[in-house]
Amino acid sequence: MSLLVVGLSHRSAPVSLLERAALTADDRIKLLQDTVAAEPATEAGVLATCNRIELYADVDKFHAGVADLSTLLAQHSGVGLDELTPYLYVHYEDRAVHHLFSVACGLDSMVVGEGQILGQIKDALAVAQELHTAGRLLNDLFQQALRVGKRAHSETGIDRAGQSLVSFGLQQLAAPEPAESWMRGKRALVIGAGSMSSLAAATLARAGVAEIVVANRTPDRAERLAQILTEADDTDVTARAVPMATVPDELTRADLAISCTGATGLVLTAAAVAAAVEGRVPPAVVERAAEPTTTPAIPAPTATGGDDGCPLDLSAVQQGAPGFSVLGEAAVAGMDAATLEQHAAWVATGTVDLDRRHTMDADAELIGALAAAAASVGRIPERRRPEPVAVIPRPAPVLSVLDLAMPRDVDTAVHRLPGVRLVDIESLAEASADAPMASDVEAVRRIVADEVAAFGAAQRAAHITPTVVALRSMAADVVAGEIARLEGRLPGLDERHRAEITQTVRRVVDKLLHAPTVRVKQLAAEPGGAGYADALRTLFDLDQETVAAVSRADENSRSDNNENAKNRGRA
């Protein structure tokens, strides 16, 4: 097995580059055809979504394969190889299997556990089968990836986050209210008309928003998306396209804005958003938000008795330490041991009418303990009440903003604007990485690791199968030859005896081959076991063409099974 994957995704590349590198259906077909036509590749499959473009291939040479696949991706995506290369990642053999299985389980998605990727993997396999670019390796790989993804969703709680990034973002904006009821009747502005923006617009339309306005730098794409939304059978929404220049005006009327463009700079600045909500947030609330308030200070209790003879300046203590008793720790903070002892003696005389919550003995005991502390450290450490926490009133949002772009479309300063709520990729990542998901993610990772090991063992065992079949075929030919020679020497041998001799010879051969063939399959399934097939061919002097013929027959059988399965699906 020499499986190689070269690709880029939201983890390695900015959204702007992914948008530019997006492949149309025709692009994918041409890429697959050109890949199998390239010298290092014998099989090929393309997994292309809004967040990833990955080319899988069975290659003969690693370095030549990486170079060819990278070049082909650049040619068919329209992004120059020099620009594309820094964002590409490469996985080989078991690491490539691990990557696809992780993708199928939703571990590599923006929102962990989303299940939409399974349908996209299924479509990628169907296209490769239709074009006959998927052989035994990729058929097994993609079909097993689908099974692993389904197992992860059925055996763990990973699908609690099984939703598109758009749905998850809208859920965060709507919380604690259900997203669908929160969206119903709202006026929405969608900035961008790419795959992610289209998904956002479709989600909004199905949720029952009153209006969707689509803004895009290419007017034709915005108009096409608006037309699709208007003509959809399962929605009843008013949709219209507008130029990007009108976004500030449209923002003043919108309840919800979703932005996902390929822009390299900010699409919505804090000033633009602030201007859009001006007049929609009560001025009094805005003023209060601009000037944080603090929790009111607790009035300082005062001593109820006289203070004649006290070594402390009680008036100064009351002004400087509000909220603390003049007989408490704040009153003696910083005092040396000698003065503290004088204060203790003064308290012990009972010249002060203490607070009802205290007793003479308790205060004398406390001050004695403080005196001991002062003797050891030289002074009493000051203990202050924590600073009061500023309370900033936040009005209910009049504009909710969802930024799905990487790099971001919306200025992060929008977070601080009164009457505006912003959710972006960073906050989505934090929200999706909640603690309850951690155990599910770890469980899925264990499933992936187990399945990768099982897949590798099955592939290594399958690699030796044609050699074992060829060996048994050769043994059968030897038995047939010897029986024919026996018949020539014993022409009078009756049918019953000839059948008994033939059966006996076959049993002997089978018993001799059983242990070696079973053991060689076991050894071949272990890591590093690929060489056992070559050893078997060398030891028994097997014809390479015979082994290849067995492999071709197996490939044809698999191809027929795949075609029959597709036909049953169409029926």
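In case you missed it, the structure is sitting above this.
About the thresholds
Residues numbered from 1 in each chain as written. Predicted model: local features only at pLDDT ≥ 70, side-chain atom pairs only at ≥ 80, totals over all residues. Heavy atoms only, no water. Helix = DSSP H or I, 4+ residues; strand = E, 2+ residues; numbered from the N terminus. Buried < 20%, exposed > 50% of the residue type's maximum accessible area, 1.4 Å probe, protein only. Phe/Tyr/Trp six-rings, centres within 6.5 Å; stacked < 30°, edge-to-face > 60°. Pairing = 2+ DSSP bridges. Axes fitted to C-alpha atoms, helices over the stretch in contact; angles between N-to-C directions. Contact = heavy atoms within 4.5 Å.

Draft legend 1. Here's a closer look at unusual backbone geometry. Across the junction of Ala175 and Pro176, the peptide omega takes the value 5 degrees, indicating a cis bond. Along the chain, Pro176 turns up in the loop between helix H8 (165-174) and helix H9 (179-183). The backbone of His132 shows a phi angle near 60 degrees, a positive value even though the residue is not glycine. Along the chain, His132 falls in the loop between helix H6 (116-130) and helix H7 (136-155). Under the relative-accessibility criterion, His132 is labelled exposed at 59%.

Draft legend 2. Fine view of the packing of aromatic side chains. Enumeration over the complete set of coordinates arrives at three aromatic pairs. Measuring from centroid to centroid gives 5.9 Å for Phe101 and Phe455, while their planes differ by 80 degrees, and the two rings are edge-to-face. Of this pair, Phe101 sits in helix H5 (residues 94-105) while Phe455 sits in helix H20 (residues 435-489), and the two are 354 residues apart along the sequence. Overall, the relative accessible area of 0% leaves Phe101 in the buried class.

Draft legend 3. Main features of the sheet that holds strand S2 (residues 41-48). Spatial ordering of the open sheet is given by S2-S3-S1-S4, a layout of four strands whose pairing is antiparallel. Single-partner strands in this sheet number two, and they are S2 and strand S4 (89-92). Going from strand to strand, the sheet's axes swing by 15 degrees on average, the running direction of each strand aside. Here strand S1 (residues 3-9) runs beside S4; their pairing, made up of four bridges, is antiparallel. What sits directly across from Val5, in S4, is His91. Across the sheet, helix H3 (residues 62-77) is in contact with S1, strand S3 (52-59) and S4; its angle to S1 comes to roughly 35 degrees.

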